[in-house]
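# Topology and contacts: notes
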Amino acid sequence: MSFGRDCVLDLFDDLDNGVALPIEDGQLHYFPNALDESEADALMMQCITDLPWRQDHIRIAGKSIPIPRLQCWLGSSDAHYSYSNIALRPQPWPEFLLRVKTRVETLCAHSFNSALANYYRDGADSVDWHSDDERELGQDPVIASLSLGTSRVFELKHRYKKRLPTLKTSLGHGSVLIMQGGTQQYWRHRIAKVQGLQEARVNLTFRRILRNTVAG
């Protein structure tokens, strides 16, 4: 399959069972309607009001810079996680998210013990190019990304095959994107800033932390 310089992924019309998205060296499966609109509305509001959001910082050129979003790490008590020198100790699962976790696990036939919640308050919030390839996740992790709120464009670019285009797809309200296989090893992804966007987005990425690799 050939692509232009920036390729918008074709989601076809299979809205019930999801659709496999074309990608080299990885596996993506997208479920546009994992939650219906009323469920997604209620879940987003509960996440915004009830989760213990925190503002983390990273150091760039010796300066402490706030990351452009709020986040919260949830999971079992020993599911510690870190990235970019940010150590995240898990907050207990709220009951309403345990129910959601069970639904997502059924959807992708995989179990999770943790989730990173991100709150994009408006278009000025973003996440830069990265891969979820920390050692706590093991090799070829399965990550299920549940999106709530305004649609944002999810971009991927191959880490090594520069001939491949940047892939883009819009992640809608109540959708789930499953990333597995070599996706984290071979691809980076991001949510870019959107000038003038006022609407919020909440994203929950369900993961499994491997206990024998967990940092103290």
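Every chain's residues receive numbers from 1 upward, in the order its sequence appears when written. The model is predicted, so local features are restricted to residues of pLDDT at least 70 and side-chain atom pairs to those at 80 or more, both for listing and for counting; the totals for chains, interfaces and linings are taken over all residues. Hydrogen atoms and water are omitted, and side-chain values are computed over all heavy atoms in the structure.

### Section: helix α2 (residues 95-108)
The cut-off we apply is this: Counting from the N terminus, the helices are DSSP H or I runs at least four residues long and the strands are E runs at least two residues long. Multiplying 1.5 Å by the helix residue count minus one yields the expected span of that helix. We call a residue buried when its accessible area falls under 20% of the maximum for its residue type, exposed when it is over 50%, and partly exposed in between, using a 1.4 Å probe and counting protein chains only. Any pair of residues with heavy atoms lying within 4.5 Å of one another is described as a contacting pair.
Here α2 spans 21 Å end to end across 14 residues, near enough to the 20 Å set by a 1.5 Å rise per residue. Among the residues making up α2, those that are buried are Phe96, Leu97, Val100, Lys101, Val104, Glu105 and Cys108. Those residues of α2 hidden inside the fold are in contact with α1 (37-50), β6 (70-75), β11 (143-149), β14 (175-180) and β16 (201-207).

### Side note on the state of the cysteines
Inclusion rule: Disulfide assignment relies on a single distance test, namely cysteine sulfur atoms paired within 2.5 Å.
Across all of its chains, the model carries 0 disulfides by this definition. With no disulfide of its own, Cys47 lies closest to Cys72 among cysteine sulfurs, the gap being 9.2 Å. Look at Cys47 and you get buried, because its relative accessible area is 0%.

### Regarding the packing of α1 against α2
Here is the rule: In this analysis an axis means a line fitted to C-alpha atoms, helices contributing only their contacting stretch, and an angle means the value between N-to-C directions, from 0 to 180 degrees. Roughly parallel covers angles under 35 degrees, roughly antiparallel covers those over 145, roughly perpendicular covers 65 to 115, and oblique covers all other angles. The crossing is said to be left-handed when, going from far helix to near helix, the turn is anticlockwise and less than a right angle, and right-handed when the turn is clockwise. Ten residues, namely Ala, Val, Leu, Ile, Met, Phe, Trp, Tyr, Cys and Pro, are considered nonpolar, four, namely Asp, Glu, Lys and Arg, are considered charged, and the remaining ones, Gly among them, are considered polar.
Close contact between α1 and α2 brings their axes to 11 Å; oriented N to C, the two are set at 135 degrees. Accordingly, the angle class assigned to the pair α1 and α2 is oblique. Both α1 and α2 take part in a crossing whose hand is left-handed. Contacts from Glu39, Leu43, Gln46, Cys47 and Asp50 of α1 reach α2 at Phe96, Leu97, Val100 and Arg103. For the contact of α1 with α2, the class distribution of residues is 5 nonpolar, 1 polar and 3 charged.

### With respect to the sheet that holds strand β9 (residues 114-120)
In plain terms, the rule: For two strands to be treated as a pair, DSSP must find at least two bridges joining them.
With antiparallel pairing, 7 strands are arranged side by side in an open sheet as β2-β3-β14-β11-β16-β9-β6. Each edge of the open sheet carries a strand with a single partner, namely β2 (19-21) and β6. Between one strand and the next, the sheet's axes are offset by a mean angle of 20 degrees, whatever the strand orientation. As paired strands, β11 and β14 are joined by 5 bridges and run antiparallel to one another. In the sheet register, Ile143 faces β14, and the bridge partner there is Met179. The strands touched by α1 within the sheet are β9, β11 and β16, with β11 carrying the most contacts at an inclination of about 95 degrees. Across the sheet, α2 lies against β3 (27-31), β6, β11, β14 and β16, angled at about 65 degrees from β16, the strand it touches most.

### Let's talk about the pairing of β9
The two faces of the sheet receive side chains in turn, since in a regular strand these alternate between them. Taking burial as the measure, the 7 residues of β9 include 7 buried ones, the bulk of the element. Here β9 shows two buried faces, one formed by Ser114, Leu116, Asn118 and Tyr120 and the other by Ala115, Ala117 and Tyr119. Pairing geometry for β6 and β9, over 6 bridges, is antiparallel. Across the sheet, the residue bridging to Leu70 is Tyr119, located in β9. Across 7 bridges, β9 lies against β16 in antiparallel orientation. Residue Asn118 lies in a different strand from β16, and its bridge partner there is Asn203.

### A short note on the packing of aromatic side chains
For clarity, the cut-off: By convention, a stacked pair of Phe, Tyr or Trp rings (six-membered ring in the case of Trp) has centres within 6.5 Å and planes under 30 degrees apart, an edge-to-face pair has planes over 60 apart, and any other such pair is tilted. We count a charge as sitting over a ring when the NZ of a lysine or the CZ of an arginine lies within 6 Å of the ring centre and within 35 degrees of the ring normal.
Under the defined criterion, the tally for this structure stands at 5 aromatic pairs. Centroid distance Trp93 to Phe206: 6.4 Å. Interplanar angle 10 degrees. Geometry classified as stacked. You can see Trp93 sitting in the loop between β8 (86-88) and α2 and its partner Phe206 sitting in strand β16, a full 113 residues away along the chain. Residue Trp93 shares its accessibility class with Phe206, and that shared class is buried. Arranged with centres 6.2 Å apart and planes meeting at 45 degrees, the rings of Phe112 and Phe206 form a pair that is tilted. You can see Phe112 sitting in the loop between α2 and β9 and its partner Phe206 sitting in strand β16, a full 94 residues away along the chain. Judged on exposure class, the residue Phe112 and its partner Phe206 are both buried. Chaining the aromatic ring pairs together yields one cluster made of Trp93, Phe112 and Phe206. Note that Lys101 overlies the ring of Trp93, its terminal NZ or CZ placed 5.7 Å from the centroid.

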